[in-house]
Each structure stands twice: as C-alpha cells, then as structure tokens.
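Structure assessment
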Amino acid sequence: MNPSAEQDWLETRFDELWPITRSITGPGFRESVDILQQDIPLELQSIPSGTAVFDWEIPPEWTINEAKLTGPGGEVYADLDETNLAVVNYSEPVDKQLSREELESHLYTLPDLPAATPYVTSYYERNWGFSLPHTTYSSLPDGEYHAYIDSELDESGELNYAHTVLEGESDREILLSSYLCHPSLANNELSGPLTMASLYRRISAWENRKFTYRFVIVPETIGSLAYLARYGDQLQENLVAGLVLTCLGGPEGTLSYKQTRREDALIDTVVGHIDDRMDREFRIRRFDTGGSDERQYCSPGFNLPVGQFARTVYGMYDEYHTSLDTKEFMRVGSLVESAEAIEEVLETLEYAGYYLNQEPYGEPMMSKRDMYPTVNDPDSYKEGNLVDTMMRVLSYSDGTVSVVSVADRYDMPVEEFQLAVEQLCSAGLLEPFEYTPGYPTQFDQPNR
Amino acid sequence: MNPSAEQDWLETRFDELWPITRSITGPGFRESVDILQQDIPLELQSIPSGTAVFDWEIPPEWTINEAKLTGPGGEVYADLDETNLAVVNYSEPVDKQLSREELESHLYTLPDLPAATPYVTSYYERNWGFSLPHTTYSSLPDGEYHAYIDSELDESGELNYAHTVLEGESDREILLSSYLCHPSLANNELSGPLTMASLYRRISAWENRKFTYRFVIVPETIGSLAYLARYGDQLQENLVAGLVLTCLGGPEGTLSYKQTRREDALIDTVVGHIDDRMDREFRIRRFDTGGSDERQYCSPGFNLPVGQFARTVYGMYDEYHTSLDTKEFMRVGSLVESAEAIEEVLETLEYAGYYLNQEPYGEPMMSKRDMYPTVNDPDSYKEGNLVDTMMRVLSYSDGTVSVVSVADRYDMPVEEFQLAVEQLCSAGLLEPFEYTPGYPTQFDQPNR
Amino acid sequence: MNPSAEQDWLETRFDELWPITRSITGPGFRESVDILQQDIPLELQSIPSGTAVFDWEIPPEWTINEAKLTGPGGEVYADLDETNLAVVNYSEPVDKQLSREELESHLYTLPDLPAATPYVTSYYERNWGFSLPHTTYSSLPDGEYHAYIDSELDESGELNYAHTVLEGESDREILLSSYLCHPSLANNELSGPLTMASLYRRISAWENRKFTYRFVIVPETIGSLAYLARYGDQLQENLVAGLVLTCLGGPEGTLSYKQTRREDALIDTVVGHIDDRMDREFRIRRFDTGGSDERQYCSPGFNLPVGQFARTVYGMYDEYHTSLDTKEFMRVGSLVESAEAIEEVLETLEYAGYYLNQEPYGEPMMSKRDMYPTVNDPDSYKEGNLVDTMMRVLSYSDGTVSVVSVADRYDMPVEEFQLAVEQLCSAGLLEPFEYTPGYPTQFDQPNR
C-alpha cells in the first residue's frame, strides 16, 4: 500500500472512531472494536464487573445517553451531543436544580487554555460533573442551573478487551498493545489503535515471520490488568518483546522509545542499536513509572520486556487530555511514519536475537557447504566479507549473546549481519534460541 | 540533650577513664567497662587465657602494680605513676641492676618528637621495657640503673569483652564496635567508646527502631577475634551493616569512612550517597587491610559488611600512639559532631534498604487507599510529587534494589524517599526485606 | 644459554626444517617432528584418513615426489625442486599436455608482487596447480605445456600431530600450541615451533614449576581439531591458560597478544597487567574469528582460555604466504626476543593466579610465624612493606580474586607481590587454588 493510500484508509477509520462515546467499559468500547475489526481480526472478550483483578476490581459498566447543563435562562452550557468531553467520564446519573455556587465543585475548566474543554474522568469514585471552556465558565450567570446526566452504572455489567494472534514459526511472542477508552481524543487515543492497524497489515504481509505476534486492544490500566490476569502467565513464558503504542501522532519528527523496566532487554538493545548505528533516530527515555499500559506489563511481579513507542508524548504537550487533541494536531501522516519505523524495529528484532551454533566444537567446515573459498590463496584474506561475518556469528552464538550484541562488539550495523544469519540458518548451522536473560527478583511464582 | 550538655557529660566520662592502666587483658579493661556501664548497659563476658581462637590463643592476663626506672644517682627516669605509657604494655616482671648499655635495648623513644613518650606494646612475645622522651633518653648518664617492674602474667586468667543489644522491630542487626585497651590515649582510644556512649543514648531515644543495634566493646584485635569466635555465626546470619568506631576526634573537619571489604554493601552505598547528594561530606577510603577491628570482621571467612568511621585517622597524624594524643588534641566537641554524623547515617540506613512490594502484579490501586487523586484532571500530571515517588519505590521494590539505589537512579537525595517509604509501609504495600546480596567465596562453612 | 648461542642453535634448526616439503599430512610433517625432537621430547601420534572429527573428516595422506611445468620450448616454468611453493599444496597427480589457455585456471601469481611466488593450497577439493612469479607468468609463450605432478592422495593414510608434557606441582595445565604444515615459509611457519623449542628449554630449566606445561605441534586447523577430539575434555578440565604461537618473527618491535574468546581469562588479565604496569609493552588485539589454532580451541563448545602471541601478524604484512617470507624477513633474533617475552608472561602466570587463605577466619597470627614485628612501636606503621602486601594477599585470597587483580586494585605491579605469595605459601597460609571462573553457555556437555 502506498503511503497516500494508507493515509486515506487510516483517515476513514479515524472519522468512524472519533464520534463514539468511549469509556473503560460500556457500549462505546465494543462499537470501537467493531470498527477496528475491519482491519484486525480481533476477538472480543469480557470480564464481569465486580471481578477482583490483582489489587483492583472491575468497575460497573457505564452507559451514557444524555448529559446537559442548562443555565437559568435556558441556555445550554455543556452538552454531550456537542462533545464527548462535556461530561465527566463515568458520571453517575443526576437530575437536579442547583445554584451557581452548588454547581461549582462539579465544573472543570482549563484557565490556561480558556478555549479548550478538558477531558476529566472519575472511574473509581462516584461523582458527576461537566467540562467546559474557561471562557464559557467565566461568563456563567448567577441563578439556578439544571444538571442532567442520564447515565447508568451497571454492577452486573462487564469490561471488554480484544486481541488476535498472528502465528509465526516460533511460539515465542512479540506483543503489540494499545488502548481504546478515551472518547474524541486523537493523539492520546486513536493514534495507537490506528498505528496498530497499519502494523497488522504490514506484518501479516511479511514473507516469513519468525515470531508469533499478539495484538491487544484494552481499556487503559484496568484493561491491561484484566488481560494480565488471564494471559500473564502465558506472556511470562513466551514473551520476547512487547511494545505499548500510544500518542504516535503529533508534530514531533522522531519517535520516542521508552525502555522496559529491565533496561537491557533485547528490544531495548535493538532500538538503541538502530538509533546508534543505522539510518534512523529515536529519542530514548529511560523507564519510569508514569506512562501507559507498560506500567502494568512492567510491574515487578511480571517484569515483562515491554517498551513503549510514542511520538508526541503524553503530558509533554499542552493539548494533552483536552479538546485541542484533534485529528489536525495528530496528523494521520505521522501515524504512517510511526508504523514504518516500528516495522523496521520489528524486522530487525526478527533476526537480531539469540541463536545456537549447531556445530560448536571447533569451527564448522564451511567449504563442504560451499560457504568458503576452496582454494586458499592470498586474495581470500579480506576483512569484513560474508565469511568473516558468518564466522563471527557462529563464534558468539552460544545462546547467551545476541546478534545485535555481536554487531555492537564489532562496531557494525546489525543489518550487515542479516544475510549471514539467514545463510547459516538455511545451512542448518544456526538455530534460533529464544533466550530471555534472567532478571532475578524475589517474586518466584505469580500467585493470583 | 543539647551539644554543650553532651560535651560536659562526655568530658566527665573521659576524665574518669583516662588514668586507668588498661591493656588487652587485666583489671584495667574491667574497670573501664564499669565506668561505661553508667551510660551503656554493657554485659561483661570472659574467655580463659590459653583458649584457642581461630589462629590465635588468648594470652595470659596481665596485671601491673608498679614500674620504675631509676638511674645511677637515684633519679627516676620512667615511672608508671607518672604516665601509663612509661612501661612497655605487657612487660614481664623485672627487678634488675643493669649498666646503661645493657639497658639500651629496653628503652623506647621518638627521636623526631623528642618531648613525647611513645606507646609501646609487646603482647605476644615476653619482653619488658620503658618508654621515655628522647630528651630524657639523651641525657641518661652512664652507670648502674635499676629496672623495676612489678607485673604479673597469669596463665589462668581471662580476657574480657562487653556488649549490649537494643532490640528493634526486626532481628536484623546493626553492629557498632569499638575497643578499650590503650591506656591514657585520647583520639586513638577513648574517642571510640565515648562516641559509642553518645550513639547509644541517641539510638535508644528514637521513636522507632527498625533494626536491632548491637554495641560491642572489646580489646582491639584479640578481643574482636574472641567475639567472632562466639558470635560470628550469628553476625553472619543477621548483620545488615556494621561500623567500627575509632579515632573519632582530632582536628579534621569531616568524618572519614572506610568501606567494607565488599565495597558495595548497603552501608557503603548509603555513606557514598549521603556524601554525594545530601548536606554532609565524608572522606571515603577504599577498604584496605590496615585499620582496627574491621580487619577481623571483614576477614575473608566472615566478610561481614562492616565499615569504619574515623575523623583524624590512625597512622596519619604525628601524635598517634604517643603521649601527645591527649584530650586537648582529641577535642570532646569533635566526638559530639562524630556521633551526630553517624546517627544521620544510621537514620538513613533505617529506611534506605530493601523492601518487597506486597502487590507486585500490576500497580496497586492507590485511590482506594486515598493515596491517589480520584479525579483525573490535567492538574494531576505533575512530576516529582509524592505519588510518583511512591510508584517508583513500588516498582523497584522487588527485593534486589535498595531505596538508596532507586534514589541514585533518579538522581535524587534518598531523604526525599523517606515519606513515601513510610506511607507505603503503613498502608501495607511495602514490607522491609532484609536482603544481603551474596558475596561468593570458596569458604562455604565456617569451621571453627 | 646466552642470546647469541640461542640464536645460533635456532638458526641451525631453521636450516634443517626449511627445505622439507610439508603439508597437513604426509612424510614432511613427520620428518619435521623428527628434527624438533632433538629439542623437545615430542611423542608423535596419528589419526587415520577418513576419521570424522567434529564437523570435519581427516583428509587422505598426501605425498609428493615431483612437480614440474614445462613450456613449449622445453623451458621449466615451475619446479618443486626449485621451491616447495611451486606446486599447489595437496595437488592431485597430473600428467597432461595442455594449451596455454587450458593451463590458465591452474596458475597462481601475485600481480602486485610480481617477483614473488604465492603459497596456495587446496586441501578439501581435488585440484592441481602451479604457483609462479607474475613476471614469469607474463612472459609465458603460447603453445603446448606439460603439467606433471607426481603426487599421491592415500585414503588409507593418516594425519599426525605431536605433543609432550612437562609435569609441574599441579596437574593444572598451561598449553603451548603451534603448527608445522607450511613448507618453506619462515615467519608464518617456522617461527612458531622454533620459539616453542626455546620455551621448552627455558621452562624445563626453571627451579620450580607450579603448573604442568603441554607442548603441542599440529598441522594447522585440522590438526588442532584432531587434537581436541582426543584431548578436548582433558583440556576443559585442567586448562588454566593456553597460547598459540604464530608469526613470532619479523620486523615488529613488540609482541602482539590476541585475547581469548572470554577476554577476561587469567592470561588476558596477566598480559594486560604486564603491558600496563611492568617494563614490557604488548600490542593487544581483541578476540576475533580469524587467526590460527585458537579458532578451534576457542570455539564456543570448548571456549578454552587460549590466547595467541604473534609479532608480525599474519595477513598484515605483504610477505605473508609468499616466497618473500624468508629467514631474512623473519630474523632469528626476533624469535629469541619472543621467547623471552613469553617466558616472562608464563613466569608471572605462575604466581599471579588464585589462592585460598588457609586461615580465613580473622587475620592469621603472623607474629608466631616470625612474619610480623613482635614489638609494636610507631616505626612499624609503614605502608607498602612486605607485611602489608602479605595481609592484602591474604584478605583477597578467597578463591575468587587473582593476585594480579589484587595488584591492579592497589595500582601496583604484580611482581611486587611475588615474594609475599611465596612466603605465605611456604608458611602454609596460602594454597594455590585453580579457579576458572564459569563462562556460562548453553553447551553443557560436549557430545562428540
């Protein structure tokens, strides 16, 4: 697909997803998954409200039909029909006459961005409220207001998440995870699932796929916790690398990579290597406890090798969590560039990991496989040729050194090792070895 | 206690301890412990002369009554009644007329400090002798001298040491060890036990005490060996950190810390961190085999995490082991400052160690504990606040990373983590974990 | 032996070895070993042609009697009688009339060194050919040529190698390995075995020999593979360090050391330390997969601690593998200097390794062994004296820290520790401990 066709496709999908009133539970999430299923064969799953999930509990399912704040003169100051951000997400129902003063604690604005409506949520404490531009707020007259929110918090509802798996030669997995719970926010919401759609299309088109790829769409935080409760053991066993996709649009020119909690997982090394030695730059952030769903994947009891890619990073731009986070701010073209860069990382990861030399006692006899010059004359002592590269890969492929580390050792870009790795695998001299270095903690057995 | 009251108290104790004729065995050690018992509830213990202690043997118990060197004209040139340093410590009895020449090999002086009397000992070889100022020595007339030493070396005597334990919440221990065997030396003797007295007073006044504190007073070298023979196994099991207290007075402005043999024990990290990132400076010495009782505690078969604090360090000042090492040289005020600095180190150690996150699978739900803002609005994304600090501590508290290391990772002083640690412990989200990283050696089982 | 006598001896041996028509199998190798047996009591061993050796097979035994290329006018253009390099090593027999054009693909020259004859081999593919100077080649007339090679490739022949062992106090071994298969090449052939002869003479003359020394002469590559097939397990168990000797002559002033695959084996540390802190410089190369028999010893299934010494390194000089690699290029004097330098490395290795303190609980009592001043007066606190050095060695000799690492820690040349080590061993306080740090790989058990 050429970039412009891809951009058109993603823009169509953006426009379908944008108006839906999403939250961490409820019909909005399911409708959004329906739309994404046109591009990724996601399987929708559910977990009942009230279920304990580690230290958490699945909240009631929220449905919202209408939300309107009407002033003393009948003027409408906030209206869900106008923008999904008008109502505090997860508001309980209300139908009340109140004075301006009584209303005060239920209103949210951004004094520093007076024209913008903030995005406000109150998932875990019953509350209600309206968001509105500070300019509107400043002009609110005294008098009696009507706060009307027609919502439902269903204790016997459910929370949903969705995933699909693209099988590869190995059952070792790469995880791509994004979230879908913010309504009408662009960079900090739709950029993730849309970049994932592009990556699904790209990866499913690869001729070979060494690893199995798992695509996960969850409501943020509670959704990844629910996902870990069900699939955490499996991920601990099989996960080679994971990436959380968030905020992948916006004006920044280069992608930013947030390291895994381990900081030296294979994915960390590969991204750092590409930045250092290949024709692509990343801004690299060390692990920290703020962020998106990698907070759960990298929690110390799981400590999964999950990094995160973002372009214009959450919390570091003014439009974050406001009505200014629009399609225009996000730029659909940025998503195509993000998908392209992440695809390159994954393509590199496919060959840059751990292998086991199948003839480790002495050098393998390369000439009987036509992989070595049979006549040894002075011309054959050239450095840096394919044979040298193969011998280097063979020497270090003892299951504890990755190909990307060999490349670093020789100060070469790892792409110059790809052909050697492929030829050695074809000749049966090398086999992939899915080594995950131990990260010792005192948490031996997850006990959930 | 205000510093000036503390100084008066320590000076009184100094004056009581100064005149006693101490040695590594004998009544002088016991009398000194009696005096210290006014401030520290020390329990006196004994081990018989002749007992094998590792590669050593407990020496006979030494008692000295009188020592006098009289010249040809009846002049007294050295007299135990004048100074405890006048007689070579552990001198065997002698009552002999000798010529000036025969006397020569029994006289000790300091030609470079002609007014000072040196402190000389001969514990492990039977010998006798006198110390005197070089000026006196130079003027000794020819003629017959009378060397008279009324001492006793009792093969059925004993060696003593003393200790006490201040219980804490945990049975994991902090060791404070000093020695009490040099007679009439100030910086290199009384500074240690007196600083310990101040520390005992301080630590017993703390509101909470996480660790158990063990205070040990021994005769140097042979005493710590005897102590290890009895308590070494227990220390190996429980010791989190230890400090030998020596030479804590004198003119130097900052304390000097000598690292443990491991060099990266928790106590080493904490002292280095305070020096680097907090408002106190230390001079840090790498481990070496010279020193005080840490030589025994850190011997490779024990390899205990014991460092050492000194101010004006042994062997690095001219007054060392001479009659010039007086109260005036030592300065009682320096001891108060030493105790204050060491108390800060111990206070930091109390919270800066290892913990185990009690909800390690996913993030704990902070909001249900009122530890997190329940409404998520744009104001709540501030860096460096208490919630962030708590999340960072939780993320790394897997039992292998200390809080001081987390602070180093974030380039912050560890004191900014204290409140977070305390609140997480109160909330039951964190529990102390007394991790001691393994230091592999080939000495598996002490076999004493 | 003085250097000039040694040089004369080695030159005599050089002249005996030079004319022999060697290859990786055949009578030339055996004759060469016969000559070396005058200096090293080598035991000749054999392995039959056709035997599988790891991924390889022992080739047929090659014998050559005559090789001559005659031109149209009867002129001889290449003749084994003139130089061993004239015939491609391992040529199959041929007796054929051919045109100039048909001959073309069987001729090897060096256009950039037109006066030199290249050294060409074809061990593992049946082939035949002649090497000649490019000037000769350029003047070859058209017409019919006679290619005559009287050789034999005996499928029921054998391959030979030779070794001897100089017993030491310990059964832990040092390996010295060189190769003997190139005919009439000096630096890249005879320099190795001749330096080994000098080292055998030197080491057998040492008063004490802690380690056992194994001297191995093989045909390059296939010979070390065969040797590993038979002795690899034994080497894995006992080898403390190994050195491949190659290209030890030539104009370079300093020896070059190629590190083991481990890069931090004891031998690597010792050579680096001598270069850094003692009066001898080395050029140090990191491990790489090109080289001599260390390619086999360091293959990942064996991963033996084998480094390599060379002076004028293979592949880095124009004369490499050509008729210009002569005695004059090699310089016999260089070999004496090489042997001297390597001897110093081995002498250092003898005491610079791992020891176990025999009194590790507390300090040993040095005074009862007369290793410590019995009277403790101020004069005895001098740094850097023998007692200090002994205490430092004792403190770190827990079986995990080598003496050379202790020297590095104190920024001292390790030779200043030799006396301390010797005295402590004599006193029974230290025992050699043949620790080889584990280098974890996934290859647990050699399965040959």
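Anything mentioned here points back to the structure above.
Attention in this report is confined to the structure presented alongside it. Per-chain numbering applies: the sequence of each chain, read as written, is numbered from 1 onward. To read the labels, note that chains go from A and ligands from 1, taken in the order they are written. In view of the model being predicted, local features appear only for residues whose pLDDT reaches at least 70, and side-chain atom pairs are presented and counted only at 80 or more, with totals across whole chains, interfaces and linings using the full set of residues. In computing side-chain values, all of the structure's heavy atoms are included and hydrogens and water are not.

In this section: the sheet that holds strand β17 (residues 354-357) of chain C. Residue and element names in this part refer to chain C. Taken in spatial order, the three strands line up as β18-β17-β19 in an open sheet, and their pairing is antiparallel. The two strands at the open ends of the sheet, each matched to only one other strand, are β18 (398-402) and β19 (430-432). Neighbour to neighbour, the strand axes of the sheet diverge by 35° on average, direction disregarded. The pairing of β17 with β19 spans three bridges and is antiparallel. Two strands are counted as paired when DSSP detects at least two bridges linking them. We count a stretch as a helix when DSSP gives it H or I for four or more residues in a row; a strand needs E for two or more, and each element gets its number in order from the N terminus. All axes here are fitted lines through C-alpha atoms, helices being fitted over the stretch that makes contact, and every angle between N-to-C directions spans 0 to 180 degrees.

When the copies are overlaid, the least-squares fit takes in C-alpha atoms only where the residue has pLDDT of at least 70 in both copies. At an RMSD of 0.0 Å, chain B and chain C line up after a rotation of 120° and a shift of 0.1 Å along the axis. Both chain copies can therefore be described as sitting about a three-fold axis.

Bringing the packing of aromatic side chains into the picture now. Between 30 and 60 degrees the pair is tilted, below 30 it is stacked and above 60 it is edge-to-face, where a pair is any two Phe, Tyr or Trp rings, Trp via its six-membered ring, whose centres lie within 6.5 Å. On inspection of all chains with the given rule, the structure shows 60 aromatic pairs over all chains. Where Phe14(B) meets Trp18(B), the ring centres are 5.5 Å apart and the plane angle is 20°; that geometry is what we call stacked. Exposure categories follow from relative accessible area, calculated using a 1.4 Å probe and restricted to protein chains: below 20% of the type maximum is buried, above 50% is exposed, and the middle band is partly exposed. For Trp18(B), a relative accessible area of 26% translates into the label partly exposed. Taken together, a centroid distance of 5.5 Å and an interplanar angle of 80° make the contact between Tyr161(B) and Tyr227(B) edge-to-face. Taken as a pair, Tyr161(B) in strand β10 (residues 158-166) and Tyr227(B) in helix α6 (residues 222-238) lie far apart in primary sequence, 66 residues in all. Classification of Tyr227(B) by relative accessible area gives buried; the value is 0%. Three or more aromatic residues joined by ring pairs form one cluster here, namely Trp56(A), Trp62(A), Tyr90(A), Tyr123(A) and Tyr124(A). Whether a charge lies above a ring is judged from NZ of Lys or CZ of Arg, which has to be within 6 Å of the ring centre and within 35 degrees of the ring normal. One residue, Arg409(B), lies across the ring of Tyr410(B), its end atom 4.8 Å from the ring centre. Here Arg214(C) stacks its cationic end above the ring of Tyr231(C), 5.3 Å away from the centre of that ring.

Salt bridges, as used here, are contacts in which a Lys or Arg side-chain nitrogen is within 4 Å of a carboxyl oxygen on Asp or Glu. Under the definition given, this model contains 75 salt bridges over all chains. The residue Asp39(A) makes a salt bridge to Arg13(A) at a minimum N-O spacing of 2.6 Å. With Asp39(A) in the loop between α2 (27-36) and β1 (43-48) and Arg13(A) in helix α1 (residues 3-17), this pair connects stretches of sequence that are 26 residues apart. Relative accessible area serves as the criterion here: at 9%, Arg13(A) is assigned to the buried category. With a shortest N-O distance of 2.6 Å, Arg295(C) and Glu363(A) are connected by a salt bridge. Of this pair, Arg295(C) sits in helix α8 (residues 294-297) while Glu363(A) is found in the loop between β17 (354-357) and α11 (386-396), placing the two residues in two different chains. Like Arg295(C), the residue Glu363(A) is buried in the burial classification. Bridged by salt links that share partners, the residues Glu6(A), Arg201(A), Arg202(A) and Glu343(A) form one connected network.

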